[in-house]
Amino acid sequence: MALTLYNTLTRQKETFKPLKPGHVSMYVCGPTVYDSSHIGHARSAVVFDIVFRYLQEAGYKVTYVRNFTDVDDKIINRANERDMDCQALSEIYIDEFHRDMDALAVLRPTLEPRATEFIKEIIEVTAKLVEKGHAYVVDGDVYFDVRSFASYGKLSGRKLEDMEAGARVKVDSRKKDPFDFALWKAKKPGEPAWESPWGEGRPGWHIECSAMSWSRLGETFDIHGGGQDLIFPHHENEVAQSEAAFGQQFVRYWMHNGFVNIDSEKMSKSLNNFLTVKEILDQFHPEAVRLFLLSKHYRSPVDFTEQAMKEAASGLDRVYSCLQRILETVGGLDDDFQISGHWSRFCACMDDDFNTAGALGILFEAVRDVNRLLDGDLTGDDQVRATEAGAAIVKMGGVLGMFQEDPDAYFEGKKEQAAQDGGFDPAMVDDLVAKRSQARKDKDWGTADAIRDQLTEMGVAIEDTPDGTIWKMA
RNA sequence: GGCGGCAUAGCCAAGUGGUAAGGCAGCGGACUGCAAAUCCGUUAUUCUCCGGUUCAAAUCCGGAUGCCGCCUCCA
């Protein structure tokens, strides 16, 4: 069983083989920290979180680098609007990004470098490119000369000629070619700047990733990831910079995740339909968000809708109900997650270019198998098999970053959250429920049903179980 | 104008040559005072359409139609 993954560079699935046996080096483009993170950032983070987790599960030591872009036009503009400095602004959004991603159970990468901490390396790579004739200086700006890099366009599958025919690029007469891009930008008033051989200035966008990946992972590394929109120009430019500077292959496997649409529409500033992670987590359980994001293959677009989220939330309940049922009926899980066979089938899906949708299918099969076993006469053998399958569910969940909560705590948490959202005191509900229970005991069905109707109107659902009545938000 | 992707049940979605996973909703059953919740069962002779290759195709090839993305900052 070998991991295969789709390589954007070659446009096909390839068997994954790291440069150094047993060790994987991975770089993913992180956010530009000038605003709150949205569901698209969450998808990218969750997708590569799965890659990170699964590679480790497969026994690799993984060095995972994800950067913060903390100097850039958007940050400068936003900081000026708010009359604060760029660093303070970045700090706010880095903290917020961490809070959001922690809430989503996204593991912290091994390293999280910031562009402004690598100015020295950025200048070093830029100088090398100038030296080698791949870059030129104009009025304190330094531009990469795309014509000097013969394979420019190989990642995105474009030719310079074709793109220029499209002609939607601004022509800058100082550039040799419209597609030449800035490595270094001369200082303008009100902008942060650093000393450089070309005068005071700041780095262009693309160069930071070349510099930081080189510094932390070397001239060639295994996996580079990011959103599909970064393929061109950002990643194309990274390839050009790094390979022109160091004269060897930059990245061995390129992985790109698809977009998140909102109600079938692309998220965009103009449509004003950005959904922030915070807004979503206000409404849905973090694991439901992960379940939603992972229920479709990472390279396909995924459509965020209220209905899809509710379905994910229902699915999450189903799994937790199952885990709770195991704990209640047989008291615990088995240690051996391999026996039931679900785990190996799960891995086969994950090995196939991280097919999380297929993998989730296996997980839900395990849930059904457990329920079937527990529906039987519970002979010792069935109980053991149920706990084995249950162990597999938790194990699979671990790779997906889900089902890590105690089931009782999960349902209790949901109830508290719901009561809070409904704006009433749980004690009052408990009181009504107690009254109804008494009425039921007296076989006073009229009163019992009246109370139930009253609770229903409040949005509270009643569940009569053999151990008594419990309630939750409908 | 250039490049690329997608089209599988009511909805979402796996499946890349061997005879259609899974989820949600629906329906039937168990359970219940009746319900709800939960659990079980069940729902595509067929994979947008038309040709072709093959003993065999949702899967490969050619064509048509429809939808979408990128080529400009963007996860």
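All figures in this text were calculated on a predicted structure; none of them were measured in a lab.

Conventions we followed
Residues numbered from 1 in each chain as written. Chains lettered and ligands numbered in written order. Predicted model: local features only at pLDDT ≥ 70, side-chain atom pairs only at ≥ 80, totals over all residues. Heavy atoms only, no water. Salt bridge = Lys/Arg side-chain N within 4 Å of Asp/Glu carboxyl O. Helix = DSSP H or I, 4+ residues; strand = E, 2+ residues; numbered from the N terminus. UniProt positions renumbered as here; feature names shortened; annotations may be inferred. Buried < 20%, exposed > 50% of the residue type's maximum accessible area, 1.4 Å probe, protein only. Contact = heavy atoms within 4.5 Å. Domains from an automatic or database assignment. Phe/Tyr/Trp six-rings, centres within 6.5 Å; stacked < 30°, edge-to-face > 60°. Lys NZ or Arg CZ within 6 Å of the ring centre and 35° of its normal. Pairing = 2+ DSSP bridges. Axes fitted to C-alpha atoms, helices over the stretch in contact; angles between N-to-C directions. Parallel < 35°, antiparallel > 145°, perpendicular 65-115°, else oblique. Left-handed = near helix turned anticlockwise from the far one by under 90°. Expected span 1.5 Å × (residues − 1). Patch = residues over 30% accessible without salt bridge, like charges linked within 9 Å, V, L, I, M, F, W, Y side chains within 5 Å. Areas by Shrake-Rupley, 256 points an atom, 1.4 Å probe, with all protein chains shown as cover. Lys, Arg positive; Asp, Glu negative; His and termini not counted. Charge placed at Lys NZ, Arg CZ, Asp CG, Glu CD.

Remarks on the pattern of salt bridges
One pass over the full model with this rule turns up 32 salt bridges. Salt-bridge contacts for E365 lead to R345; the nearest nitrogen and oxygen are separated by 2.9 Å. With E365 in helix α12 (residues 356-375) and R345 in helix α11 (residues 342-351), the pair connects residues that are 20 residues apart, well separated along the chain. When the shortest N-O distance is used, the salt bridge between R452 and D449 registers 3.5 Å. Of this pair, R452 and D449 both sit in helix α16 (residues 445-458), separated by three residues, roughly a single helical turn. What you see here is one network of salt bridges that share partners, running through D73, K185, E191 and R202.

A short note on the UniProt feature "binding site: Zn(2+)" (unreviewed entry) in chain A
Residues given the UniProt feature "binding site: Zn(2+)" (unreviewed entry) here are C29, C209, H234 and E238. Maximum C-alpha separation among the annotated residues is 11.2 Å over a sequence range of 210 residues, consistent with a single clustered spot. With respect to the helices and strands, C209 occurs in helix α6 (residues 205-217). Note on C209: relative accessible area 1%, which makes it buried. Those residues in contact with C209, other than ones at most four positions away along the chain, are Y27, C29, N67, H234 and E238. Tracing the backbone through its elements, the reader meets E238 in helix α7 (residues 231-246). The residues touching E238, leaving out its near neighbours within four places in the chain, are C29, H206, C209, S210, H224, F250 and W254.

Here's the deal with the domain arrangement of chain A
When its domains are assigned, chain A resolves into domain 1 (4-271), domain 2 (283-407) and domain 3 (425-473). Put simply, the middle of domain 1 and the middle of domain 3, counted by C-alpha atoms, are 57 Å apart.

Section: the UniProt feature "short sequence motif: 'HIGH' region" (unreviewed entry) in chain A
Residues annotated in UniProt with the feature "short sequence motif: 'HIGH' region" (unreviewed entry) correspond here to residues 31-41. Here residues 31-41 is 27% helix and 0% strand, with 7 Å between the C-alpha atoms at its ends.

A look at the packing of aromatic side chains
Applying the stated criterion to the full structure yields 19 aromatic pairs. Judged by centre distance (5.4 Å) and plane angle (85 degrees), the rings of F292 and F304 are edge-to-face. With F292 in helix α9 (residues 286-294) and F304 in strand β13 (residues 302-304), this residue pair connects regions lying 12 residues apart in the sequence. By the burial criterion, F292 is buried, and F304 matches it. Here the aromatic residues Y27, F221, F250 and W254 are joined through ring pairs into a cluster of three or more. Sitting over the ring of F259, K266 keeps its end group 5.6 Å from the ring centre.

Some words on the sheet that holds strand β9 (residues 221-227)
Strand order in the open sheet formed by four strands is β4-β3-β9-β10, with parallel pairing between adjacent strands. Edge positions in the sheet fall to β4 (61-66) and β10 (251-257), since each of these pairs with one other strand and no more. Neighbour to neighbour, the strand axes of the sheet diverge by 20 degrees on average, direction disregarded. Pairing analysis gives six bridges linking β9 to β10, with the strands arranged parallel. From the neighbouring strand, H224 faces β10, where its bridge partner is W254. Sheet contacts for α6: β3 (23-28), β4 and β9; angle to β3, the most-contacted strand, approximately 160 degrees.

Thoughts on the packing of helix α1 (residues 39-57) against α11
Axis separation between α1 and α11 bottoms out at 12 Å; the angle between their running directions is 125 degrees. With respect to each other, α1 and α11 are oriented oblique. When you trace α1 past α11, the crossing you get is left-handed. Note on element contacts: α11 touches α1 through W343, C347, M350 and D351, opposite I50, Y54 and E57.

Re the environment of K188
Mapped onto the elements of the fold, K188 is located in the loop between β7 (181-186) and β8 (201-203). K188 sits in the partly exposed class, given a relative accessible area of 48%.

Describing unusual backbone geometry
At the junction of F232 and P233, the peptide bond is cis and its omega measures out at 0 degrees in the coordinates. Topologically, P233 is positioned in helix α7. Residue D139 is not a glycine yet carries a positive backbone phi of 50 degrees. Tracing the backbone through its elements, the reader meets D139 in the loop between β5 (135-138) and β6 (141-144).

With respect to the side chain of T69
Inspection of the secondary structure assignment puts T69 in the loop between β4 and α2 (73-81). For T69, a relative accessible area of 2% corresponds to the buried category. With sequence-adjacent residues up to four places away left out, T69 is seen in contact with P31, T32, V33, I75, W205 and E208.

Focus on the environment of A193
Here A193 is to be found in the loop between β7 and β8. Separated by 10 residues in the primary sequence, A193 and P203 place their C-alpha atoms 8.8 Å from one another. In contact with A193, other than residues within four places in its own chain, are K187, E200 and G201.

Structural notes on helix α13 (residues 380-400)
Along an α-helix, a turn takes 3.6 residues, which lines up residues three or four apart on a common side. Compared with the 30 Å implied by 1.5 Å per residue over 21 residues, the 30 Å span of α13 between its first and last C-alpha is a close match. Following α13 by one or two positions, G401 has its phi on the positive side, about 70 degrees.

A closer look at a negative patch on the surface
A cluster of acidic residues, E328, E405, D406, D408, E412, E416 and D467, forms a negative patch at the surface. Top element by residues in the negative patch is helix α14 (residues 407-422). It accounts for three residues. Here E328 lies in helix α10 (residues 306-330). You can call E328 exposed: its relative accessible area is 59%.

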